[in-house]
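Chain by chain, the residues run as shown.
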Amino acid sequence: MMRSLAAMLLVGLCALGQAQAAGNRGRDDGALFEPIASVVMSPRCLNCHQAEAPHQKDMGVLHAQQVVRGKDGHGSAVLQCAACHQATNTAQGKVPGAPNWHLAPLSMRWQGLDKKAVCEQMRDPARNGNRKTGAQVIEHMKTDPLVLWAWSPGADRTIPPMSHEQFVQMLEMWAAAGMPCPG
Amino acid sequence: MISLNINGKLVKVEAEADTPLLWVLRDELGMAGTKYGCGAALCGACTIHVDGQPTRACVMPVSAAVGKKLGTIEAVGATPVGQRVQRAWAEIDVPQCGYCQSGQIMAAVALLRAIPKPSDKDIDQAMSGNLCRCGTYPRIRAAIHKAAGQS
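Along each chain, residues carry numbers from 1 onward, in the same order as the chain's sequence is written. Chain letters start at A and ligand numbers start at 1, both assigned in the order the entries are written. Where totals are concerned, whole chains, interfaces and linings use all residues; where local detail is concerned, this predicted model gives features only for residues with pLDDT of at least 70, and gives and counts side-chain atom pairs only at 80 or more. In computing side-chain values, all of the structure's heavy atoms are included and hydrogens and water are not.

Draft legend 1. Broad picture of the interface of chain A and chain B. Taken together, the contact between chain A and chain B spans 16 residues of the former and 21 residues of the latter. Carbon and sulfur atoms make up 59% of the area that chain A and chain B hide from each other, which totals about 1,500 Å². Pairing of N or O atoms within 3.5 Å defines a polar contact, subject to two protein rules: one partner must be a possible hydrogen donor and the other a possible acceptor, and residues neighboring in sequence count only if both atoms are side-chain atoms. Remark: the boundary between chain A and chain B carries five residue pairs in polar contact (both at pLDDT 80 or more). Across the side of chain A that touches chain B, the residue classes break down as nine nonpolar, six polar and one charged. Pairs of residues are marked as contacts when any of their non-hydrogen atoms sit within 4.5 Å. Accessible area that two parts lose when put together, with a 1.4 Å probe and added across both, is what the buried area reports. All amino acids are sorted into three groups, where Ala, Val, Leu, Ile, Met, Phe, Trp, Tyr, Cys and Pro are nonpolar, Asp, Glu, Lys and Arg are charged, and the leftover types, Gly among them, are polar.

Here's what the structure looks like:
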């Protein structure tokens, strides 16, 4: 894992170097998104960026109990996410929890998207919660408790392949380069 | 000392902040109508109402219940919807072993308050977190329709 992490960091740093060498080519260098994709396309993130129902577990199976998105991403009328998901992990970590547990908005679903499409979604204000600048786009991933939960998910759930601190560094490099996406 | 609003009454309990609410209800307060099933929010036997929403008491820290209105099976018959559900349950003779039924009834009452005339799909989406190992699901569905006046 450490080796792959180092490789990703290297890719990110090389990509930044290339972007700078090319005189801030802006959106041309999609390699900067590679380390970000390795995090946001991990099951801790993907499982809740779904369309009609959350997924769960590392293999991303449909959530048990026929849980659905409901009208506002918090579940059906009387089977809400908060019926089980508290503000913290509970039951010795078996039941994951963070404040305001819910699905990502429908416009931000990543179900069926490849990393290029996820990247394009993230920088599209029509599909990212009307976030227009790079700083606005990466704010959610820097500070949202639901995102931070991915690094302390409880039980034996896997965590993203780099630390949150390293993830933030990658995000800031990507935003500074104009949010380039893979070709 | 922790103050809780349970079935409209304020009660004080001695408990650690992270003690599951179900333990407080059953062991500290002797309210054993709410059942322990899996202890991990997988079966629904411990369903109570928290501000009207069905919630699994086995995974809710008691500290998270402070300031909320808690409703349990012991008081559900004091409401019109609860009475209708109880009557329908008895008329159709829903339970077999009965262990899951207090959770089923709490979920059904919350459903009928939110959606007075639920479709089968509404019932599925509300009740699918409440398991019944005797398989009384067809009778649960029928009783919900009956309580809604659409049998």
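Draft legend 2. Structural detail: the pattern of salt bridges. Salt bridges are identified by distance alone: a Lys or Arg side-chain nitrogen within 4 Å of an Asp or Glu carboxyl oxygen. This structure, assessed with the given rule, holds seven salt bridges over all chains. Across the pair E34 of chain A and K115 of chain A runs a salt bridge, and its minimum N-O distance is 2.8 Å. Taken together, the positions of E34 of chain A in helix α2 (residues 34–40) and K115 of chain A in helix α4 (residues 115–122) put the pair 81 residues apart, joining distant regions of the chain. Each residue is assigned to one of three classes by its accessible area relative to the maximum for its type, calculated with a 1.4 Å probe on protein chains only: buried under 20%, partly exposed between the two thresholds, exposed over 50%. K115 of chain A sits in the partly exposed class, given a relative accessible area of 33%. Across the pair D120 of chain B and R141 of chain B runs a salt bridge, and its minimum N-O distance is 3.3 Å. One end of the pair, D120 of chain B, is in helix α4 (residues 120–127); the other, R141 of chain B, is in helix α5 (residues 137–147), with 21 residues separating them in the sequence. Taking relative accessible area as the criterion, R141 of chain B reaches 27% and is therefore assigned partly exposed. Only DSSP runs of H or I covering at least 4 residues are called helices, and only runs of E covering at least 2 are called strands; the numbering of each starts at the N terminus.

Draft legend 3. Region of the structure containing the sheet that holds strand β1 (residues 2–6) of chain B. Residue and element names in this part refer to chain B. The five strands are arranged β2-β1-β5-β3-β4 in an open sheet whose pairing can be described as mixed. In this open sheet, the two edge strands, each paired with only one partner strand, are β2 (9–13) and β4 (53–56). If you compare each strand with its neighbour and ignore which way they point, the axes differ by 40° on average. A pair of strands is considered paired only if DSSP assigns at least 2 bridges between the two. Of the pairings in the sheet, the one linking strand β3 (residues 47–50) to β4 comprises four bridges and is antiparallel in character. Under this scheme, a helix contributes an axis fitted over its contacting stretch, all axes are lines through C-alpha atoms, and angles between N-to-C directions fall in the 0 to 180 degree range.

Draft legend 4. Summary view of the packing of aromatic side chains. When the centres of two rings from Phe, Tyr and Trp lie within 6.5 Å, Trp using its six-membered ring, the rings pair. Their planes under 30 degrees apart give stacked, over 60 give edge-to-face, and anything left gives tilted. Inspection of the entire model under this criterion finds four aromatic pairs over all chains. Their ring planes at 35° and their centres at 5.7 Å tell us that W151 of chain A and F167 of chain A sit as a pair that is tilted. Placement of the pair is W151 of chain A in the loop between α6 (145–148) and α7 (164–176) and F167 of chain A in helix α7, with a sequence separation of 16 residues. In this structure, W151 of chain A and F167 of chain A share a single accessibility class: buried. Centre to centre, the rings of W23 of chain B and Y36 of chain B are 5.6 Å apart; their planes meet at 85°, and the pair counts as edge-to-face. Here W23 of chain B is found in helix α1 (residues 21–28), whereas its partner Y36 of chain B is found in the loop between α1 and β3, with 13 residues between them in sequence. On the basis of relative accessibility, which here comes to 38%, the residue Y36 of chain B falls in the partly exposed class.

Draft legend 5. Molecular detail of the packing of helix α3 (residues 101–114) of chain B against α4 of chain B. Residues and elements named next belong to chain B. Contact pair α3 / α4: the axes reach a minimum separation of 10 Å and the direction vectors enclose 130°. Our classification of the angle between α3 and α4 gives oblique. Here α3 and α4 pass one another in a crossing that is right-handed. The residues of α4 that touch α3, namely those facing Q104, A107, A108 and L111, are D122, I123, A126 and M127. Note on terminology: angles under 35 degrees are roughly parallel, angles over 145 are roughly antiparallel, angles of 65 to 115 are roughly perpendicular, and the others are oblique. Here is the rule for handedness: rotate from the far helix to the near one, and if that takes an anticlockwise turn smaller than a right angle the crossing is left-handed, while a clockwise turn gives right-handed.

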